[in-house]
Structures are given as C-alpha cells and as structure tokens.
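Examination of the molecular architecture
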Amino acid sequence: MRSIKDYADIVGNETIEEIEKLGSYLNGKIVQNINSTPVGGGVAEILSRMVPLLKEVGVDARWDFIKGGERFFEITKKIHNSLHGVEENISENDFKHFLEVTEENLKDINLIGDIIFIHDPQPIGLIKAKDKNGFKEKKFIWRCHIDLSSANVKTFNFLKKFIEKYDYSVFSSPLFSKKLKIPQILISPSIDPLSDKNKDLPDETINEVLSRFKIDPERNIITQVSRFDRLKDPLGVIDVYRLVKKHVDCQLVLAGGAASDDPEATEVYNEVIEKAGGDKDIFILNLPPISNIEINALQRASTVILQKSIKEGFGLTVSEGLWKSKPVIASAVGGIPLQITHKYSGLLSRTTEGTALYVKQVLQNPEYAKQLGENGHNHVKHNFLITRHLRDYILLFLKTGYPQMQDTVYL
Ligand code: UDP
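Bear in mind the structure is a predicted one, so any value in this text is a computation, not a measurement. (Residues numbered from 1 in each chain as written. Predicted model: local features only at pLDDT ≥ 70, side-chain atom pairs only at ≥ 80, totals over all residues. Heavy atoms only, no water.)

Around the ligand lies a shell of 16 residues, among which Gly 42, Arg 227, Lys 232, Gly 256 and Glu 320 are the nearest. At 2.7 Å from an oxygen atom of the ligand is found a main-chain nitrogen or oxygen belonging to Gly 42. Here an oxygen atom of the ligand sits 3.3 Å away from a polar atom, N or O, in the main chain of Thr 317. In isolation the ligand has 530 Å² of accessible area, and contact with the protein removes 88% of it. Within the residue set of the shell around the ligand, elements represented by two or more residues are helix 3 (42-56) and helix 12 (316-323). When residues in the shell around the ligand are grouped by element, the largest group, three residues, is from helix 12. Tallied by class, the residues present in the shell around the ligand amount to three nonpolar, seven polar and six charged. (Near = heavy atom within 4 Å. Polar contact = N/O pair within 3.5 Å; in protein donor to acceptor, adjacent residues only side chain to side chain. Areas by Shrake-Rupley, 256 points an atom, 1.4 Å probe, with all protein chains shown as cover. Helix = DSSP H or I, 4+ residues; strand = E, 2+ residues; numbered from the N terminus. Nonpolar A, V, L, I, M, F, W, Y, C, P; charged D, E, K, R; others polar.)

What follows covers the packing of aromatic side chains. Each aromatic ring pair is specified by the distance between its two centres and by the angle formed by the two planes. Under the criterion given, the structure shown has 13 aromatic pairs. For the ring pair Phe 95 and Phe 158, a centre distance of 4.3 Å and an interplane angle of 40° mean the geometry is tilted. With a gap of 63 residues between them, Phe 95 in helix 5 (residues 92-108) and Phe 158 in helix 7 (residues 153-163) connect regions that are remote in the sequence. The pair Phe 95 / Phe 158 is uniform in exposure class, with both members buried. Considering the side-chain rings of Phe 117 and Phe 397, the 5.4 Å spacing of their centres and the 90° angle between planes classify their relative orientation as edge-to-face. You can see Phe 117 sitting in strand 3 (residues 115-119) and its partner Phe 397 sitting in helix 16 (residues 386-401), a full 280 residues away along the chain. Under the relative-accessibility criterion, Phe 117 is labelled buried at 0%. (Phe/Tyr/Trp six-rings, centres within 6.5 Å; stacked < 30°, edge-to-face > 60°. Buried < 20%, exposed > 50% of the residue type's maximum accessible area, 1.4 Å probe, protein only.)

Moving on, we get to helix 5. Its 17 residues place the ends of helix 5 25 Å apart at the C-alpha level, agreeing with the 24 Å of an ideal helix rising 1.5 Å per residue. Looking at helix 5, one finds that the buried residues are Asp 94, Phe 95, His 97, Phe 98, Val 101, Thr 102, Asn 105 and Leu 106. Those residues of helix 5 that are buried lie in contact with helix 4 (70-83), helix 6 (128-132) and helix 7. (Expected span 1.5 Å × (residues − 1). Contact = heavy atoms within 4.5 Å.)

Below, the discussion takes up the sheet that holds strand 7 (residues 221-225). The strand order across the open sheet built from six strands is 9-8-7-10-11-12, with neighbouring strands paired in parallel fashion. Among the strands making up the open sheet, the edge pair consists of strand 9 (282-286) and strand 12 (347-349). The average angle at which neighbouring strand axes cross in this sheet is 20°, direction not considered. With two bridges connecting them, strand 7 and strand 10 (residues 304-307) associate as parallel partners. Its bridge partner being in strand 10, Ile 222 is matched across the sheet by Val 304. Its contacts with the sheet place helix 11 (residues 292-301) against strand 7, strand 8 (251-256), strand 9 and strand 10, and it is angled at close to 140° to strand 7. The strands touched by helix 14 (residues 352-364) within the sheet are strand 7, strand 10, strand 11 (328-331) and strand 12, with strand 12 carrying the most contacts at an inclination of about 160°. (Pairing = 2+ DSSP bridges. Axes fitted to C-alpha atoms, helices over the stretch in contact; angles between N-to-C directions.)

This is the structure we're talking about:
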C-alpha cells in the first residue's frame, strides 16, 4: 500500500508535512463523497486515489454511489451533454424521472458525513435531505467537474435550484463558474504520479503491452485515451490520422472503455469501428476498467498523444500524457488550456486540419517534441499532482467548519 510519505520524493518533505498537519485539524471528521460510478471517467479516477490518501492523513473519508436504471443514466447523459452546450431534447418527463430516482436514492443512502461532498449533476438532488431531515450541522458541497461556460439555460436553471441550497460549490476553472448565491471555490483536478496509471514502468512491461495488442514499437504511435464518447471526437481523431498518414508513417491507438453511467459508449464504439474500416494500423482497444497499467504503457509508448475533445471538463488524460513527458496535442476547450501553454508545454488546436499539421510537425521534429514534453511534465508537477489537490480539499473541508477562513477561497 502506498503512503503519503512516498510522495516526498516528488514534491518534497515540507509539502507532505503540511498536508499531514492540516489533515490532523479535521480530527476524524467524516467526509462522504457521493458520485454515480465507481469506475470509468475522471471523477472515479480521482476518488479512487483521493479517498485512501484523505484517510491516511486523518479524514474519515467515505465513497458512496447513487443508483439508477438505464433511463436515469440516459437522462443524466443528456443533462451532461447539454451542460456542455450540446443540443439535447430533455422533456418534462425526463426531469420528473430524474427527481423520482433522486427520491429513491434519498431513501437508500445513509447520509452519515459531517461533510457531504457531492460530485457532478447525477446525485445533485441529494441536497434535498438538508431541509427534509433538518441536517443543520452537516455541510454540503457540490463539486462540478463540467465546463458550464456554454451550458443550456433550461438545464442549468433546473440544476441551479439545487446548487444554491449547497453551502459551497467547487469548479475546476474560473471560466466554468456561474453567477450563484453560494460561494464558489476553484480547485483543479489532478493525477496521482504513483498510481498504476502514472508510475514509471520498466521497458519490458511497455513492450509486453504493445506486443499483446500487436502494436509495432518501431513505428510512430499516435494515441488518444478516452471513453467512447462523441464529445471526445474519436471519429475526428481517425480523420487526423488519415491526414497525417499521407505524409508520415504512423499507427493510431484509440484506447477507451465505458463508464457504467454512460449508455452511449457502445454506439460510439461501433461508429469508430466502422469508420476505421478494418485499417490494420488503427488499434481500437475497448479496455476493461482495471486497465491502468495498459493505459500507462500505451501512453509511455506513444510518439504523440492527442486529446481532440469537442468539450472537456478538465481532461485528466492531458495531464497523464504530459506527466509522461510526451508531446500532447489537444483541443483548446474546457480545462485543457490550463494544462497546455501553446507551443511551450504542448500544442493547442481547434480544427482537424490544424491538429494533423501539428502531429506532422511533432513527428518530424523529435527534439521539439521532447522539449514540449519536458515543459509539460514540469507544469503538471507544479500544478496538477494529487498532493496539491489533497491540500486544497483539506483546506476546503476546514473552511466549512471555520467560516473565518473565507480568505483561503481561491475564487
Ligand atoms: N480512462 C480509463 N480507461 C478508459 C478511458 C479513460 O482508465 O478506457 C481514464 C483516463 O486515463 C483518465 C480518465 O479515465 O484518467 C478520464 O478522465 P478525463 O478527465 O480525461 O475525461 P472524462 O472521462 O472524465 O470525461
């Protein structure tokens, strides 16, 4: 089992001591995280690492999930897309069903936390318990991982009724915040440098993974790791690969999987298979949720990493690629520009043609690629590692008990 002390080699002893000290002030307080899926996607990725570390520094951190049937998750996926600005038809009946499932979860989930930490829109309605059960002492925090800057007004207003009942809200970037009556805190997500997904790997492991998937280690590898989701634009990635391949030899890896709260994944996966049209140099890997070493190895084996998202909350895969000192070419959307300074720590693009041009440039200039990757690694090291995130969360939890700490608010 990893310990918080193991991070000292990366971030220094002082940082670790400070986190331990801050954690001790929470004195066993129960922080109950609630989201909608244990695996798949960035929220589950972060919680799976954050919860054990919080426990280690003295917070009684818990992690629960809400339940819902197929229809509920179809609706929450539409809500998710429409918050990202995608046109979706969400009917009154859909909103009604969302509320009914919320009521069922209110009956099932034991809200035992001193702090109830709700992640994203799916469980947002659990705030109803605050008034209903007269929870005066408990603090409720809503953590939004979505870019709300172009959110559909009707959908957002539906959620706003719930959001404003929380004590605090947390956003990943100042650009995503909204006019709200409650305090808004800025906390960026993070990656865990010691997790299976990000730790150093021996060459044998990387080679074993490549040979298992029959990927040629001697040729250029372009990779995008993402759930099979239209907002990640996997079809656009295939277009990029085809444009690049006219000039430079390359293989394409699209590594993905499904999240249990994402009903569209199979459909998108099938579209990707069809578009690839049997091209032997396109590797479409539908990976089970436990494939952390595989994803790590694929990222480390890549010549260039893409994240061609149309919309993105933060895009952990960008930090994951940069941490591995890889040149990352990603869309200038959502939280991605927080991670990449254009032409310094990666490349930002807005079009398929632009992305293809940058991929070509990077493949043809290994020195430039190396410099981008190194700068990206340092940027992630200073801004997007789990130790920074852990410290921010502890300060937030402390603040809920000490309103005089208002000045530590970042927004
Ligand atoms: N991921 C994974 N398996 C997959 C696809 C993605 O483990 O098949 C991981 C990926 O490495 C990253 C997270 O899921 O850690 C995705 O987070 P991100 O913020 O990039 O996107 P989200 O899925 O939350 O929209």
